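Results of the structural survey
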2 protein chains.
Amino acid sequence: MQWTKVLGLGLGAAALLGLGIILGHFAIPKKANSPDLDLEILETVMGQLDAHRIRENLRELSREPHLASSPRDEDLVQLLLQRWKDPESGLDSAEAFTYEVLLSFPSQEQPNVVDIAMTLPPPPTVGPTGDIIHSCHRTEENVTGEQGGPDVIQPYAAYAPSGNPQGLLVYANHGTEDDFKELQTQGIKLEGTIALTRYGGVGRGDKAVNAAKHGVAGVLVYTDPADINDGLSSPSETFPNSWYLPPSGVERGSYYKYFGDPLTPYLPAIPSSFRLDLANISGFPPIPTQPIVCSLGCPAHNLNGTSAPTTWQGALGCHYRLGPGFRPDGNFSADSQVNVSVYNRLELRNSSNVLGIIRGAVEPGEPLLCSGCHCYSPRAHLSLSSGSLPLFLCSDRYVLYGNHRDSWVHGAVDPSSGTAVLLELSRVLGTLLKKGEWLTPVIPALWEAKAGGSRGQEFKTSLLGVVAGAYRWRTRPVVGAGEGPAPRLNSPSGQIRSPGPGDLSIYDNWIRYFNRSSPVYGLVPSLGSLGAGSDYAPFIHFLGISSMDIAYTYDRSKTSARIYPTYHTAFDTFDYPWPCDLAAGFSSHQAVARTAGSIILRLSDSFFLPLKVSDYSETLRSFLQAAQQDLGALLEQHSISLGPLVTAVEKFEAEAAALGQRISMLQKGSPDPLQVRMLNDQLMLLERSFLNPRAFPEERYYSHVLWAARTGSVATFPGLSNACSRANDTASGSEAWAEVQRQLSIVVTALEGAAATLRPVADL
Amino acid sequence: MQWTKVLGLGLGAAALLGLGIILGHFAIPKKANSPDLDLEILETVMGQLDAHRIRENLRELSREPHLASSPRDEDLVQLLLQRWKDPESGLDSAEAFTYEVLLSFPSQEQPNVVDIAMTLPPPPTVGPTGDIIHSCHRTEENVTGEQGGPDVIQPYAAYAPSGNPQGLLVYANHGTEDDFKELQTQGIKLEGTIALTRYGGVGRGDKAVNAAKHGVAGVLVYTDPADINDGLSSPSETFPNSWYLPPSGVERGSYYKYFGDPLTPYLPAIPSSFRLDLANISGFPPIPTQPIVCSLGCPAHNLNGTSAPTTWQGALGCHYRLGPGFRPDGNFSADSQVNVSVYNRLELRNSSNVLGIIRGAVEPGEPLLCSGCHCYSPRAHLSLSSGSLPLFLCSDRYVLYGNHRDSWVHGAVDPSSGTAVLLELSRVLGTLLKKGEWLTPVIPALWEAKAGGSRGQEFKTSLLGVVAGAYRWRTRPVVGAGEGPAPRLNSPSGQIRSPGPGDLSIYDNWIRYFNRSSPVYGLVPSLGSLGAGSDYAPFIHFLGISSMDIAYTYDRSKTSARIYPTYHTAFDTFDYPWPCDLAAGFSSHQAVARTAGSIILRLSDSFFLPLKVSDYSETLRSFLQAAQQDLGALLEQHSISLGPLVTAVEKFEAEAAALGQRISMLQKGSPDPLQVRMLNDQLMLLERSFLNPRAFPEERYYSHVLWAARTGSVATFPGLSNACSRANDTASGSEAWAEVQRQLSIVVTALEGAAATLRPVADL
């Protein structure tokens, strides 16, 4: 099957982390018995991470749907606690933190419905109209026996309001602002219509926001086979016969603009916290919205009107038109309307984050005050126990790694593939911990998606001490055909074998599929940016904690699927990734576990934090160049100079290089732990220096001036890119250009501050 | 002279610092040759701080007016640089950082004028009216020969707008919101009037803001002898014959609401930074405002109308009435109007902050990477040079001490008394530094008042590492009569002798004049809160750096002066504090230098930061009790529970106590420097955990949830106090009470976070 051949590794990360770790791993010679990463421990961990156990974890986790706050999700909380408190393989401690969060559900009594109805009398009509001549499917077809259970929640748009709009149907492509403008340009009257949009191109909630601005009354969202299935849609061509989405598949999702609990922005969602009035909440879709299936007799097949532009055409097996309304020669009469009936409910529900702690060890007989520090490896630790150095180590620096736990349905890939890996990794680390063999502070965490944002509030003060932030990984349908020998560890360099044909290491495989040319290193693995969504957002964007997202993904040169096809559908079940990975023995999950484990150990145990600040320089330089090339002339026209930005980037580059040299020099000798601590603090705090809570006042939480969401087209500093994009709009005036200048000053100030962070403090 | 007997010591400080230092000093036994504060160095510094040198510093600094950006102020920048680069007594480095700031000046060509004029024809009249029958003095009288020079800037209200309002005069007491409401209650029509207000009671700019809300056209501000002079005002009773303000004295000052450069909020005021349009600046007084003298034939003597309330009466030697307009039997006709002509100008000017750095020392032969750390004293340092501990110390933690440099006129007390002391202290430290005898990181800084706020922007990332913040001291007319022996150091306890009669230490003198009962310690010195104004504001309120303000002040039981009488006038000259301090040999300045020096050394050199977090507990407990007693019932009526606050305070208390115990336990042994570093980080970062940039969105910069300005009457957490006060207003609705709940949640979250900061990190 073609799809089993897809293979790849993607690594979204803050530029700081990934490359530095990978290259640092190869570049820095390790000394025997030095207070540094213990390669034996690393090999042990690599060897003990068991693919079968990961598989069994996944089987259990994805056995039933586990929507946030559902009884099954609560069962999983207990499962986690049990695992993390196991006497032989558990952690030092584990606790569930429960929050009261505002969740959205479809009504059990009245499912959301989308009908086509005759109109009697002629439109516009309010309320039920004529005979229903077509009903869109409300649920997904029970193809593998797992889609039919009572806990399989109906496809719906979480946080979309209830309502019963009806109107003529129009087709609005992805539902971006430009898409709606195109419809207007085509002379289509949008007021009171129902807009059919396809997933992708813009955030879910934004489709409704954009539609509402143009007077649209309701929004439908579907998955086009062109975007997800390489055009395929028949049952024989889709799951379980391939990885593609079955024709009845519908993507669920949150349509809320922000992360975290909607009622308690910037506060923990505990019962006593101040809560907004529902009336004062912003970020919900303004009009009723419903995801639907659009394959069998889809309304899209029958639209009237102008042909849709070429880029708007999909693979529904018909020629797409814009509407409004249906073709007289189609299945519905020309004046038939689409009735959208949404009965979503908002409810306050309890949901938990589960945190485990691995503290590390202490000198025998000492009270548990301080424990493992990345300054000392446990072996070196123990060997020094009779020496002159006392053994209190830096236990105020942690690596946090986590995943979100709750799923829309079974969630075998999203999120439970990550949870399964996390459980196995924590088992291996916990086992070493219980045996006294490994001693470094790590916080494994499994959060609930909505409460995740709230998590930041309560613990942000403590988390200021976290070394690196969230790890989140998703394994996707992976695995090359023709697996060779069982995965092994290439010691002593600690390379992890990549699943798939051949004997490639992860590193080599990575370079093969995602590479770029670095002016410094030559050909290197390419790291994506973290982007502005997903679980790491509170950590990187709000708290300024360097974060990494690790995922094994599919070969994007072999498919145009925008995401793995069963994402957020009832088909994301245990047997979805399974057959392909069967031959490989879940080796892709295991490869992720090993990669994550290796990174965690390196971050925790290395004497010097393996963070290469000069890699950040490359990103800044690239942003600068894009600004100069693509915005330079425009800015000059408005008397805005990029000079200070050039200076700031150069300063950063110089300081980053100088710091790198100081570290290199120290690494050759036997540096004092205090000095190492100071340097590591500088490395750790660098990310924080890019936060500015006043940079984007209209955005909630987002404060990172390098990684905030970029809507502008130029791949440069997002605030600058976005402001230029807005200012360039012909309707904008001098105020918009003043904002461009302000954003530029914000970036310059941040870079100057970041550069200062890297200097010896005495050189203010 | 009575006023020479006034004596006292005030210490405004974040509660964390002062008491802990003072008590820690007495409580913690010092071991010989321990890596801790070196008492010999302390004694040396105490002994070398020379009162005469301080005097000569002050003489030079106050020789001429040195307004911000004036040539003389620039000369002083050079003087500082010269001193701090002196080969024998200078620092490691010193640099001036120049900013382009928006300053306000009166016009040299057209001085501001306040006249009384006949009205022809009858009012209201726009523009010049009739004959001027009285002009208020434009300048202060040249009493001592120093008030007449060309650089003595005319009294004016900096940042007040230009304009020429005229109208009937009303008297508005301090010009608070309540004062204007009182006038309304009295049936006085405020529209188009000129309001005469007296200094005090509310911030300068607020008088104009409040007035404008009621339709007042212009504001005059004067200093009432009751508030400053204990009612005295004749030349024989005032300076130079006493410390009281001469009858022609006028207080200048900034009437801008915020600190920092008005054009570049949250950005450094460098030329390339984004600047607001003047039209978009908020925080300036909305109507023309002018400070005047009100002693000789003051308009206030002649007001008509109802008697002013008793508390509004002052000491101008007449019965105060409210107006509007003048008494027919007075000096002016009943319909005479007051013409206020303000010609202030806003100008962009260059002004500098000067920073010096004392890095500390390194092991001979090592590159200058790291230097002095509070973990090791220099003596211990040197004695360990052949031991097993390498000598890289924590040079990323600094004590910043500073003062502002520019003055309104001569500024002998404000600010140059502080500058004089700072110069002497840096000379002594620099001398030890050059001799290699003292090695601890300190940053002396002298900032320009407006650029001070901007300072924070550029360096805030680096300053995150500053241990304790700004010291600012002002010496005031001080000194007891009958000085005894020259001040000496009481070793080994290091007590500093207090100037004044008797043989009291600073500590004993302090307890005598400002004491309180601590539930933990019994009778202790009392520390005032830092408040929301003055130079430390950016450090404590915006950056969350623990700060202390040290000032020798007058005995407030012997005078009701709200501030030292010549504050911001042309009479604040070198000979103003001098005669009283002559007999004492500037010993009060010296006492401040010793106190500051002692604190700096203790902060820099003590192994454990001498910050007692349990002192913070006392403040929180006191805030909580006030909230319970004075707001509890009211909150309950609105279903707002203080329960979570009680829990949060208790948690903090418990964690603070536990941390204190951990430290005590460690102090008995030989703790590892890394462990000490970790604990010191917790102590240092505690202050930071109280910052919330979203707590007070209408306030610029102010983010500290404990020390933000409190306008509410209940002495509790300011956000809560202020919100309750506003909500309790009969006109407010449920939104106001929602804000109370929000503020409560903000405090609870901050306290929980702060408590978490104090825990061993493993105990999340």
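Just so you know, these numbers come straight off a predicted model, no measurement behind them.

A few words now on the UniProt feature "domain: PA" (unreviewed entry) in chain A. UniProt marks residues 168-253 of chain A with the feature "domain: PA" (unreviewed entry), using the numbering shown here. Between the end C-alpha atoms of residues 168-253 of chain A there is a gap of 25 Å, over a span that is 27% helix and 16% strand.

Here we come to the environment of asparagine 339 of chain A. All names here are of chain A. Mapped onto the elements of the fold, asparagine 339 is located in strand 12 (residues 337-341). Judged by its relative accessible area of 9%, asparagine 339 is buried. Along the backbone, asparagine 339 and cysteine 724 are 385 residues apart, and their C-alpha atoms lie at a distance of 40 Å. Here the side chain of asparagine 339 touches glutamine 166 through a polar contact of 3.0 Å, side chain to side chain.

All names here are of chain A. This model, assessed by the stated rule, comprises 49 aromatic pairs over all chains. Judged by centre distance (5.8 Å) and plane angle (80°), the rings of tyrosine 564 and tyrosine 567 are edge-to-face. Comparing tyrosine 564 with tyrosine 567 shows no difference in burial state: the two are buried. Three or more aromatic residues joined by ring pairs make a cluster, and in this case those are Tyr616, Phe623, Phe652, Phe690, Trp707 and Phe717.

This part covers the environment of glycine 325 of chain B. Residue and element names in this part refer to chain B. Structurally, the position occupied by glycine 325 is in the loop between strand 11 (289-291) and strand 12 (337-341). By relative accessible area, which is 1% here, glycine 325 ends up buried. Each C-alpha atom, one on glycine 325 and one on threonine 193, is 8.9 Å from the other, the two residues being 132 residues apart in sequence. Leave out the neighbours within four places in its chain, and glycine 325 touches Leu168, Leu169, Asn302, Leu303, Asn304 and Ala334.

Moving on: the sheet that holds strand 7 (residues 169-171) of chain A. Note on sheets: strands pair through backbone hydrogen bonds, and any given pair is parallel or antiparallel. Residues and elements named next belong to chain A. Spatially, 7-8-9-11 is the arrangement adopted by the four strands of the open sheet, whose pairing is parallel. Strands with a single pairing partner mark the edges of an open sheet, and in this sheet they are strand 7 and strand 11 (289-291). The sheet shows a mean angle of 25° between the axes of neighbouring strands, direction not considered. Both strand 9 (residues 218-222) and strand 11 contribute to a ladder of three bridges, which runs parallel. Among the inter-strand pairings, leucine 220 is bridged to a residue of strand 11, identified as glutamine 290. Those strands touched by helix 6 (residues 204-213) are strand 8 (194-198), strand 9 and strand 11, and its axis lies near 145° from that of strand 9.

For the rest of this paragraph, the subject is the nonpolar core. Among the nonpolar cores identified, the biggest contains 106 residues, and Val45, Leu645, Phe652, Phe690 and Leu751 of chain A are the most heavily contacted of them. No other element matches the 12 residues that helix 19 (residues 734-758) of chain A contributes to this core. Shared between two domains, this core holds at least three residues of each, these being domain 1 (39-101 + 347-364 + 396-484 + 527-605) and domain 3 (615-758) of chain A. Setting aside residues up to four positions removed in sequence, phenylalanine 652 of chain A forms contacts with Val613, Tyr616, Ser617, Leu620, Leu686, Phe690, Leu751, Ala754, Ala755 and Leu758 of chain A. Counting residues in each nonpolar core, the second largest holds 105 residues, with Leu603, Phe607, Ala695 and Val714 of chain B among its members.

All names here are of chain A. At a minimum axis separation of 10 Å, helix 2 (residues 39-48) and helix 14 (residues 587-605) run at an interaxial angle of 155°. With respect to helix 14, the element helix 2 is oriented roughly antiparallel. The handedness of the crossing between helix 2 and helix 14 comes out as right-handed. Packed against helix 2, whose contacting residues are Ile41, Leu42, Val45 and Met46, the element helix 14 presents Arg594, Gly597, Ser598, Leu601 and Arg602 at the interface. Split by residue class, the contact of helix 2 with helix 14 holds five nonpolar, two polar and two charged.

Here we come to the sheet that holds strand 3 (residues 113-117) of chain A. Residue and element names in this part refer to chain A. As summarised here, the arrangement of the four strands in space is 4-3-12-6, forming an open sheet in which the pairing is antiparallel. The strands lining the two open edges of the sheet, one partner per strand, are strand 4 (132-135) and strand 6 (166-167). Summarising the sheet, strand 3 and strand 4 pair through three bridges and their orientation is antiparallel. Bridge assignment links alanine 117 to a residue of strand 4, and that residue is isoleucine 132.

Residues and elements named next belong to chain A. Here chain A shows a mean pLDDT of 79. Residues at 70 or above account for 78%. Predicted confidence is poor over residues 1-34, with pLDDT under 50, and the contacts of this stretch with residues over four places away or in other chains come to 126 contacts. In this model residues 449-494 is a low-confidence stretch, pLDDT under 50, and it forms 193 contacts with partners more than four residues away in sequence or in other chains. Taken over the whole predicted complex, pTM reads 0.84, whereas the ipTM for its chain interfaces reads 0.83.

Definitions and limits used
Residues numbered from 1 in each chain as written. Chains lettered and ligands numbered in written order. Predicted model: local features only at pLDDT ≥ 70, side-chain atom pairs only at ≥ 80, totals over all residues. Heavy atoms only, no water. UniProt positions renumbered as here; feature names shortened; annotations may be inferred. Helix = DSSP H or I, 4+ residues; strand = E, 2+ residues; numbered from the N terminus. Buried < 20%, exposed > 50% of the residue type's maximum accessible area, 1.4 Å probe, protein only. Polar contact = N/O pair within 3.5 Å; in protein donor to acceptor, adjacent residues only side chain to side chain. Phe/Tyr/Trp six-rings, centres within 6.5 Å; stacked < 30°, edge-to-face > 60°. Contact = heavy atoms within 4.5 Å. Pairing = 2+ DSSP bridges. Axes fitted to C-alpha atoms, helices over the stretch in contact; angles between N-to-C directions. Core = buried A, V, L, I, M, F, W, Y, C linked by side-chain atoms within 4.5 Å. Domains from an automatic or database assignment. Parallel < 35°, antiparallel > 145°, perpendicular 65-115°, else oblique. Left-handed = near helix turned anticlockwise from the far one by under 90°. Nonpolar A, V, L, I, M, F, W, Y, C, P; charged D, E, K, R; others polar. pLDDT = per-residue confidence, 0-100.

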